[in-house]
Amino acid sequence: MLKSPPTVRSSSHFIQLNRSAAICSFFKRTFPFPSQTRMASSALSLPRSWASSSPQYRDVASLPRSQRGSLTFPNGYTESAFFGSKLPAKSLSWSSAARRCRGGALRFGPAASASLHTYDVVVIGAGIIGLTIARQLLTSSDLSVAVVDKAVPCSGATGAGQGYLWKVHLKPEDQTWELITRSHQLWETFAEGVIDQGLSPADELGWKRTGSLLVGRTPEESEMLKRKVKQLSEAGIRAQYLSSQELSLEEPELAVGRDGGAAFLPDDCQLDAHRTTSYIQKANREYASEGRYAEFFHEQVTGLLSSSGSREFKGVQTSSGTLISKKAIIVAAGSWTGPLSRELFKGSDIALNIPIKPRKGHLLVLENFADLKLNHGTMEAGYVGHQDAAAQHEKSDIESQDHENSLFVAMGATIDAMGNLVLGSSRQFAGFNTEVEESVINCIWNRAGEFFPKLAERPLRNFTEDRKVRIGLRPYMPDGKPVIGPVPEMSNVFIAAGHEGGGLSMVMLWPAF
């Protein structure tokens, strides 16, 4: 037994963001794709030229048994320690009891009492990441795929977000920059594929090329935005700094004062997560008639079955049956990935600790809101400052209780494809609590009113009948780096989680890993 969870150090956990010779060999053994398979127009792939041209992206497929006590990745990348996250076990959908069974098989929870199904790959989680991974496997191989979820698609962080595909708040030096940039390019290709089918991306995906504005109100913020525009321009992104006067021409309703300004990225887009997820799910279901795709929703995963004498899991137990996996099990369970993974190997000689934590967020949606004209998606510069402060905090060895309990609200505003005004956003650590907090909603409304005087003139109580509140739990990793790839020493278990609020931005490349 491991006495403590392993520590993993890398720029992206478990593997770096690329398919090097090692991981390519691993995937070829695990997923024997036909060499001549023609990929559909909507298939997602990582071009070899892009993968091999970025020395930043290297990976490690597995680690020797001798390193289990302290799993460390080479290549000299920034440290990313796996430390214990105190998440409530009662929020797990896994059985808390684990025991060693005869023959070496690990069983977690009761044995399956219902139907038995067999697939090549079982994906746990039906968010945008889980469904997109399934889509990639269906379109680029002849593998069969099952998706299982304790709820329904788009019921987690995916469905609660604003649908931004933005780069205005990012930094080219970030280690996820190339991942997000390439993923955005593939989103563009995906939308073009919808057009090629004679359909409208706006109708099918809620696709809008809104452009994005990162706005500041102080001289210091304006100087920061000028530097950001310069950095983005040098990275090949079309970006422009707008003075207060220029900004008023783009957004007459937005007030930033004479010292304010904005970084403007005209090519940034947004989509509707529910429509997009529905579109991908519908495409996946086309393979059901071939026996290659199935969905198991409203089914909790209650355990895994491992093969006797090996480190390969042979199936997933759910509340109503057993799903046998011949090739791989992929855990894409969002905020639940961390505690689920810890419970998976409880009672075995493997201690797996992925410190993904749920980070609660509120969004306020005012339906068919015609009182405010908004031409672009907007976000306040303080959002970037909060990200930087959080990153600095996570470099400290001391956990701050104030940080854990603090509520952060930053202005974000956009008009979605249905004409609804979507206002956000909030960030707080509240466990797995998804209850609406009116105090947070009031903070969001008041913050938006500081930038849009027309909103400040009207009390929120006037919109009781026309408002909705979205609550989502972002899968937060302490250092902001997602968890991608195979679990060390597990020959067929993969993790795809930890993107926090960047799931949509990154998802188009996740299946490639």
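Relevant structure appears above.
These numbers were taken from a predicted model, which means no experiment stands behind them.

Caption draft 1: Up close: unusual backbone geometry. At the junction of glycine 424 and serine 425, the peptide bond is cis and its omega measures out at -10° in the coordinates. Even without glycine at this site, histidine 298 takes up a positive phi of about 60°. As for its position among the elements, histidine 298 is in the loop between strand E11 (293-297) and strand E12 (301-306). The phi torsion at asparagine 368 lies on the positive side, around 50°, for a residue other than glycine. Tracing the backbone shows asparagine 368 in the loop between strand E15 (357-366) and strand E16 (377-380).

Caption draft 2: A look at the pattern of salt bridges. Counted according to the given criterion, the structure contains 18 salt bridges. Across the pair aspartate 120 and lysine 326 runs a salt bridge whose closest N-O atoms are separated by 3.7 Å. A residue pair is termed long-range when its members are at least 10 positions apart, and aspartate 120 in strand E4 (residues 115-124) and lysine 326 in strand E14 (residues 321-331) qualify at 206 residues. Given a relative accessible area of 10%, aspartate 120 falls into the buried group. The class of lysine 326 is exposed, set by a relative accessible area of 51%. The partner of glutamate 223 in a salt bridge is lysine 226, with the nearest N and O atoms 3.4 Å apart. Of this pair, glutamate 223 and lysine 226 both sit in helix H7 (residues 219-234), 3 residues apart, roughly one helical turn. Overall, lysine 226 belongs to the partly exposed group, its relative accessible area being 38%. Several salt bridges share partner residues, and in doing so they unite Arg217, Glu380, Arg447 and Glu450 into one network.

Caption draft 3: Here's a closer look at the environment of leucine 323. Structurally, the position occupied by leucine 323 is in strand E14. For leucine 323, a relative accessible area of 2% puts it in the buried group. As for leucine 323 and leucine 304, which are separated by 19 residues in sequence, their C-alpha atoms are 9.4 Å apart.

Caption draft 4: Layout of the packing of aromatic side chains. Here the structure, examined in full by the defined rule, presents 8 aromatic pairs. Geometrically, the ring pair formed by tyrosine 119 and phenylalanine 296 is edge-to-face, given 6.1 Å between the ring centres and 75° between the ring planes. Here tyrosine 119 is found in strand E4, whereas its partner phenylalanine 296 is found in strand E11, with 177 residues between them in sequence. This pair shows no difference in class: tyrosine 119 is buried, exactly as phenylalanine 296 is.

About the cut-offs
Residues numbered from 1 in each chain as written. Predicted model: local features only at pLDDT ≥ 70, side-chain atom pairs only at ≥ 80, totals over all residues. Heavy atoms only, no water. Helix = DSSP H or I, 4+ residues; strand = E, 2+ residues; numbered from the N terminus. Salt bridge = Lys/Arg side-chain N within 4 Å of Asp/Glu carboxyl O. Buried < 20%, exposed > 50% of the residue type's maximum accessible area, 1.4 Å probe, protein only. Phe/Tyr/Trp six-rings, centres within 6.5 Å; stacked < 30°, edge-to-face > 60°.

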